[in-house]
Amino acid sequence: ALVCGTSQIGTAAEPKPEPIAIGSRLELFVDEQMIESLSGDAKLYLHKPEPREVVLVTDEPWEGSTCAYNNVFQDGDLFRLYYRGAYSYDDKQAIKQRRREITCYIESKDGIHWTKPDLGLFEYQGSKENNIVWDGPGTHNFTSFKDANPDAPDEARYKALGRGRGGLLAFKSPDAIHWSLMADKAVITHGAFDSQNLAFWDSVRGEYRAYWRIFKSGVRDIRTATSKDFINWGPWTDLDYGNAPKEHLYTNAILPYERAPHIFIGFPARFLPKTQQVEPIFMASRDGHTFRRWTEALIPLDAPKDRAGNRSNYMAWGLVQLPDNDREYSVYASEAYGKYGGPYSRVRRFTYRVDGFVSVRASGEGGEVVTKPLTFSGNKLAINFATSAQG
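Caption draft 1: View of the sheet that holds strand β6 (residues 50–57). With antiparallel pairing, three strands are arranged side by side in an open sheet as β6-β28-β27. In the strand order of this sheet, the two ends are held by β6 and β27 (328–335), each with one partner. Averaged over neighbouring strand pairs, the angle between their axes works out to 30° when direction is ignored. As judged from the eight bridges shared by β27 and strand β28 (residues 346–353), these two strands associate in the antiparallel manner. Among the inter-strand pairings, S334 is bridged to a residue of β28, identified as V347.

This is the structure we're talking about:
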């Protein structure tokens, strides 16, 4: 527009957008929300977690080589990890008997060395000396969390979802070990559920949020809904990925990022029907519904070993910080799933730099990022960056 005194020729100027008020919260470059422009060869760069040690080998008789759907969380000075115990597909006797799937549990003080406690809860082949934490409906994909809702009663401080008759069943526990149903019927019924379905307390919005498997036009996809009481859910909506290509998403592994809990991050497993392979990818959201989804594999099929087989490369649900290490987060991923092999499956730890999921990066040619106008609380704005000497 050309403005001359009080007379205006042409189109009126666009009003300037209101600055983004970030208060005192941390913001991440996991999407374009904070970016006004990128120039030169500056671009958003997806980081990949670094492989570490194997933390779990499913070598007990009640486990088998098709263990899956791992989930991990920190509980005070203890780390808890739950997973499905399932027979090896090459164990003809187990297949003939259709040995039941069970939910197993391990724990750790450091997130690296894990123990399989003798819980004494459920019998297997005449003995209760095992780490079976649940043997009932929902064991195919039992996925638990510690409820951060301050109003949650003590007897339901821990909660879980698992597939049962009619949909997803809700579970509760006072101690993360002894579990019972919260309702006789399924609490979520509109979906497919043959995957790792999960829920958590959203402290920013003051509600529970669940994510679960659906089929949409023949493609595996993800649906979400919220609840105030963990029993009554709705309305549900299907996730929106913008211009991302249509792909099978087998799991979702979505959670609020604890250093910036207004941002949801997810590590869904992309499923490749022709080869039956899976590989984790990364996505992020500001509202829990619309996600910026990246197409690069976070853990490629040739990462350390045994990830190229059928369903052998899932990311566990959970992001934890190990003791005396405030510069890294640990995630866990499966390998050597034994649907067509065996004899055991494994879980390996991987590490991220804190906040290091995505960054703005430029090469030696140079580049620049300009943020949108913003306001913040306090008198100091902190920016995390690294450059060479000439940067």
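From this point, the narrative continues.
Caption draft 2: Representation of the side chain of S312 within the structure. With respect to the secondary-structure elements, S312 resides in the loop between β26 (291–293) and β27. Judged by its relative accessible area of 2%, S312 falls in the buried class. If near-sequence neighbours (up to four positions away) are discounted, S312 is found in contact with V278, D306, R307, S334, E335, A336 and Y337.

Caption draft 3: Focus on the pairing of strand β7 (residues 68–75). In terms of burial, β7 is largely enclosed, as seven of its eight residues are buried. With six bridges joining them, β7 and strand β8 (residues 78–85) adopt antiparallel strand pairing. Its bridge partner lying in β8, A68 is registered against R84. Hairpin connection between β7 and β8: a loop of two residues separates the two successive antiparallel strands, and G76 in this loop has a positive phi of roughly 65°.

Caption draft 4: Broad picture of the sheet that holds strand β23 (residues 269–272). A sheet is described by the order of its strands in space; here three strands give the open sequence β20-β23-β24, paired in antiparallel fashion. Both outer strands of the open sheet, β20 (248–249) and β24 (277–280), are each paired with one neighbouring strand and no more. Here β20 pairs with β23 via two bridges, running antiparallel. When the bridges of β23 are listed, H248 appears paired with F271.

Caption draft 5: Examining the confidence of the model for the protein chain more closely. Predicted confidence across the protein chain gives a mean pLDDT of 92, with 93% of residues reaching 70 or more. Low confidence marks residues 1–10, where pLDDT is under 50. Its contacts with residues over four positions away, or in another chain, come to eight contacts.

Caption draft 6: The pairing of strand β17 (residues 207–216), seen in detail. Within β17, eight of the ten residues are buried, leaving the element largely enclosed by the surrounding structure. Note: strand β16 (residues 198–202) against β17, five bridges, orientation antiparallel. Paired with D202 across the bridge in β17 is E207. Counting the residues between successive antiparallel strands, the hairpin from β16 to β17 contains four residues, one of them, G206, with a positive phi of roughly 65°.

Caption draft 7: Spatial organisation of unusual backbone geometry. Cis rather than trans, the peptide bond between G234 and P235 has omega equal to -5°. Relative to the assigned elements, P235 resides in the loop between β18 (219–227) and β19 (237–238). Positioned with a positive phi, D306 is a non-glycine residue whose angle comes to about 55°. Structurally, D306 can be placed in the loop between β26 and β27.

Caption draft 8: Here's a closer look at a nonpolar patch on the surface. There is a patch of nonpolar side chains on the surface, built from F376, L381, I383 and F385 and spanning about 440 Å² of accessible area. The residue I383 is located in the segment after β31 (374–376) in this model. A relative accessible area of 65% places I383 in the exposed class.

What counts, and where the lines are drawn
Residues numbered from 1 in each chain as written. Predicted model: local features only at pLDDT ≥ 70, side-chain atom pairs only at ≥ 80, totals over all residues. Heavy atoms only, no water. Pairing = 2+ DSSP bridges. Helix = DSSP H or I, 4+ residues; strand = E, 2+ residues; numbered from the N terminus. Axes fitted to C-alpha atoms, helices over the stretch in contact; angles between N-to-C directions. Buried < 20%, exposed > 50% of the residue type's maximum accessible area, 1.4 Å probe, protein only. Contact = heavy atoms within 4.5 Å. pLDDT = per-residue confidence, 0-100. Patch = residues over 30% accessible without salt bridge, like charges linked within 9 Å, V, L, I, M, F, W, Y side chains within 5 Å. Areas by Shrake-Rupley, 256 points an atom, 1.4 Å probe, with all protein chains shown as cover. Salt bridge = Lys/Arg side-chain N within 4 Å of Asp/Glu carboxyl O.

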